[in-house]
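For reference, the chains in residue letters:
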Amino acid sequence: MSSKRKPDGTKKAVKKRKNSESNYDSDLSDEYPRATGETSAREVMVEELRPMEKLPEELLAMYDKGPGKLLIAGMVSWEMTGKRDSKGVTKIRPNLFTFHRFTSETYRSMASFCSGAHSVLIDENWKAFTFGRNHVSQLGLGDTATYEKPTQVSDLAEFNVIQAACGRFHTLFLTDTGTVYACGDNNRGQCGVGNKLPTITTPTRISYNGPPIIKVGCGAEFSVILDIKGNLHTFGLPEYGQLGHNTDGRYFVTSTKMSFHYEMQPRKVLVYMEKNKDGHVLPIENVNIIDFACGNNHTVAIDSKNRAFSWGFGGIGRLGHAEQKDEMVPRLVKFFDTQNRKVMRVFCGSSYSLAISDIGTLYLFGQNKKTGEANMYPKPVQDLAGWNITSIGTGNTSIVISADDSLIAWGASPTYGELGLGDLQKSSSTPKEVTRMEGMKIPLVAMGYSHSMLLVNTEHEKTKEKYDNLPEFVV
C-alpha cells in the first residue's frame, strides 16, 4: 500500500493538511498571524470550581520516577529548532552530539513534545521548572524571552506539580490535587481556559469542574486530560478528529473561507467503537481509560482491559487500523485482539505510535522516517526483542529507549545530536546502542523535536561514576 495520502475535500483543506502534517521544517515556525488585543491570563475567570483535595497517596506514589540527574543532547539553540534558517535568531549554540550533564539539580520527572522546543522539569520538591523557546509564553514565566536555564514557574510555587505535558507551543501542569493549569498558545483553545485569548502568559486553571485529573497530555494544538474515573476530556483543534467528538469541526465562514469550531474547554469523550470486517461500526460500552499518549494530531489510549484505541489523523498508518482514514472517535485497534495480546503502555511521535505488549514486545505503527514504507498496522520492532524496556522518548523522527541499564536510539537523517551517538554517526535507521550510556540506570527519557533528555539514577555506583565523567553543558 502506498504511504501517500490523498485526502478529500476542497483545495484549501488539502493545502492546510499538507502544511500541518507533511512540512516538517515548518512544524515549529512561529510566524503565523495572532489576534490583536491580548488580555492578561489573570482575567480568565471560571465559576464555582471544585474544591482542591489531595489525590490518594498510593496514586501520588506512581508519579515519582525516582530522583535523577539530568542529561541533555541534541539541538540547544531553541529559537532555531524546526526552522530552515537562522533569520531572527539571537543566540546559536553548537549541537550536543553526546549526552551532557545539565544543571546540578535533582529532578523527579520531566516532559517535552515531539514537535516542541521547550521542556518542563519537576524537582525533588515537586516544583516546576521550564526552559526553551518561549515566544508565546509556553514556559509560563509571564514573558516571551527564551530561557536557556531551567527557571522555576513562580505562579505554581505554592503547588506540588506531579506531572506536565508540552504541546507545540503550549504547556499543561498537573498538581497533586488533580487540578490542571495551562499556559502558552491558545489560538485554538488548546489551553482549555474557556476562551480564545491568543496567549495565556502565566499558568491559569483550566475551565473544568469534573472529577480530579490524574494525567495530562498535549498534541500539537490540542490537549487531553484523564480523570480519576477513567474518562477522557479533550479540547483545542478538532481538524482531523483528534478530539474524539465525532467531528472535524469544519464550517464555512463564507463561501470560500473555511474555519473550525475549536473546543475551548474540556469536553468528555463519549463514544468508543470498533469496526468489523464488513466495515460496520459497533459501539463499545463501559470503557475505562487508564493511559494515553498524543502525537501531533492523533491519540492512542489504553483501557482497563488493556485494549488499545486510536483516533485523529490517520496518515501513513499511525493509528494502526491498516488504512489511512482519519478517525473521529476512538476506534479499537483490532490487531492486538487478533494476536490475543494486551497493551500495557503506549507512546506517540509526530507520525508514528509505539505500544508495549504484556510479553514486553515493542510494536511500531506509522513511520518514523520521511521516506520508505510505513507500518500500516502494529509491527514488532525485532531489534528490541528480549529487551526489558524502562522508558521511551519519542521525537519528531527519532526514538530513544532506556532498557536493561542501556540506552538504545534510532532516527533517520536529518538528526541534530538527539540520539547521543556522537558526531561521527549522527543518525541511524535501525536501533543502535549508545555505548557511552552502557551500564547506566536511566529511569526516564523524554524528547522534543530535536533534543533528548535523560534522568539518571546517580545513587547507583556505576551510573554515578559515568555521570561524573560526562562533559557539562554550561549556559
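What counts as what
- Residues numbered from 1 in each chain as written.
- Predicted model: local features only at pLDDT ≥ 70, side-chain atom pairs only at ≥ 80, totals over all residues.
- Heavy atoms only, no water.
- Core = buried A, V, L, I, M, F, W, Y, C linked by side-chain atoms within 4.5 Å.
- Buried < 20%, exposed > 50% of the residue type's maximum accessible area, 1.4 Å probe, protein only.
- Phe/Tyr/Trp six-rings, centres within 6.5 Å; stacked < 30°, edge-to-face > 60°.
- Helix = DSSP H or I, 4+ residues; strand = E, 2+ residues; numbered from the N terminus.
- Lys NZ or Arg CZ within 6 Å of the ring centre and 35° of its normal.
- Pairing = 2+ DSSP bridges.
- 1 Å grid on protein atoms, 1.4 Å probe; cavity = no way out; pocket = protein on both sides within 12 Å on 5 of 7 lines; lining within 4 Å.
- Points joined across faces, edges and corners; volume = space filled by probe spheres on them.
- Nonpolar A, V, L, I, M, F, W, Y, C, P; charged D, E, K, R; others polar.
- Contact = heavy atoms within 4.5 Å.
- Salt bridge = Lys/Arg side-chain N within 4 Å of Asp/Glu carboxyl O.
- Axes fitted to C-alpha atoms, helices over the stretch in contact; angles between N-to-C directions.

A few points about the nonpolar core
Core analysis: the largest hydrophobic core is formed by 55 residues, its most contacted members being Phe 173, Ile 225 and Leu 232. By size, the runner-up hydrophobic cluster in this structure holds 18 residues, among which are Val 400, Val 434, Tyr 467 and Leu 470.

Details of the packing of aromatic side chains
Tallying each qualifying case throughout the model produces 10 aromatic pairs. Ring centres of Phe 102 and Phe 473 lie 5.2 Å apart, and the angle between their planes is 45 degrees; on these two criteria the pair is classed as tilted. Of the two residues, Phe 102 sits in strand β2 (residues 96-111) while Phe 473 sits in the segment after α4 (461-468), which places them 371 residues apart along the sequence. Centre to centre, the rings of Phe 335 and Tyr 363 are 5.7 Å apart; their planes meet at 70 degrees, and the pair counts as edge-to-face. In this pair, Phe 335 is assigned in helix α3 (residues 334-338) and Tyr 363 in strand β24 (residues 362-366), connecting sequence segments 28 residues apart. In this structure an aromatic cluster arises from ring pairing among Trp 78, Phe 102, Phe 131 and Phe 473. The ring of Tyr 467 carries Arg 101 above its face, with NZ or CZ at 5.8 Å from the centroid. Directly above the aromatic system of Phe 292 lies the positively charged group of Lys 215, at a separation of 5.2 Å from the ring centroid.

So, the pairing of strand β10 (residues 213-218)
Every regular strand shows the same layout, with side chains that alternate between the two sheet faces. Counted residue by residue, β10 has five buried out of six residues, so it is predominantly covered. With five bridges connecting them, β10 and strand β11 (residues 222-227) associate as antiparallel partners. When the sheet's bridge partners are listed, Gly 217 is paired in β11 with Val 224.

Side note on the layout of surface pockets
Of the voids in this model, the largest pocket is the one considered here, and its volume is about 1,300 Å³. Lining the largest pocket are 47 residues, and of these Lys 65, Gln 163, Lys 215, Asp 291 and Phe 292 sit closest to its centre. Of all elements in the fold, only β2, β6 (161-166), β10, β11, β18 (289-294), β22 (343-348), β26 (389-394) and β30 (444-447) reach the threshold of two or more residues within the lining of the largest pocket. The leading source of residues in the lining of the largest pocket is β18, at six residues. Taken together, the residues of the lining of the largest pocket break down into 32 nonpolar, nine polar and six charged.

Concerning the environment of Glu 124
Within the secondary structure, Glu 124 is located in the loop between β3 (118-123) and β4 (128-132). Expressed as a C-alpha distance, the spacing of Glu 124 and Ser 109, which sit 15 residues apart in the sequence, is 8.9 Å. Those residues within four positions of Glu 124 in sequence are excluded, and the remaining contacts are Pro 67, Thr 106 and Arg 108.

Quick look at the pattern of salt bridges
Summed over all chains, the structure comprises 17 salt bridges. Its salt-bridge partner being Arg 108, residue Asp 64 comes within 2.6 Å of it at the nearest N-O pair. Of this pair, Asp 64 sits in the loop between α2 (57-60) and β1 (68-74) while Arg 108 sits in strand β2, and the two are 44 residues apart along the sequence. Classification of Asp 64 as partly exposed rests on a relative accessible area of 32%. Across the pair Arg 250 and Asp 248 runs a salt bridge whose closest N-O atoms are separated by 2.8 Å. Each of the salt bridges in this network shares a partner with another, and the network as a whole consists of Lys 275, Glu 323, Lys 325, Glu 327 and Arg 331.

Some details on the sheet that holds strand β29 (residues 428-433)
With antiparallel pairing, the four strands of this open sheet are ordered in space as β26-β27-β28-β29. Two strands in the sheet have a free side with no partner beyond their single neighbour: β26 and β29. Sheet twist, expressed as the average angle between the axes of neighbouring strands with direction ignored, equals 10 degrees. Pairing of β26 with strand β27 (residues 398-403), which is carried by five bridges, proceeds in the antiparallel orientation. Bridge pairing in β27 links Ile 392 to Ile 401.

Digging into the sheet that holds strand β5 (residues 147-152)
The sheet built from seven strands is open, its strands ordered β5-β4-β3-β2-β1-β31-β30 with antiparallel pairing. Every interior strand has two partners, whereas the edge strands, β5 and β30, have only one. Strand-to-strand twist of the sheet, defined as the mean angle between neighbouring strand axes without regard to direction, takes the value 25 degrees. Relative to β5, β4 runs antiparallel, the two sharing three bridges. In the sheet register, Thr 130 faces β5, and the bridge partner there is Thr 151.

Comments concerning the pairing of strand β12 (residues 232-236)
Counting buried residues in β12 gives five out of five residues, a clear majority hidden from the surface. Alternating residues of β12 divide into Leu 232, Thr 234 and Gly 236 and His 233 and Phe 235, and every residue in both groups is buried. Where β11 and β12 come together, five bridges link them in antiparallel fashion. Counterpart to Ile 225 in the pairing with β12 is His 233. In textbook terms, the turn of a hairpin is the stretch between consecutive antiparallel strands, and for β11 and β12 this stretch comprises four residues, one of which, Gly 230, has a positive phi near 90 degrees. In this structure, β12 lies alongside strand β15 (residues 263-268), joined through three bridges in antiparallel fashion. By the bridge assignment, His 233 is partnered in β15 with Lys 268.

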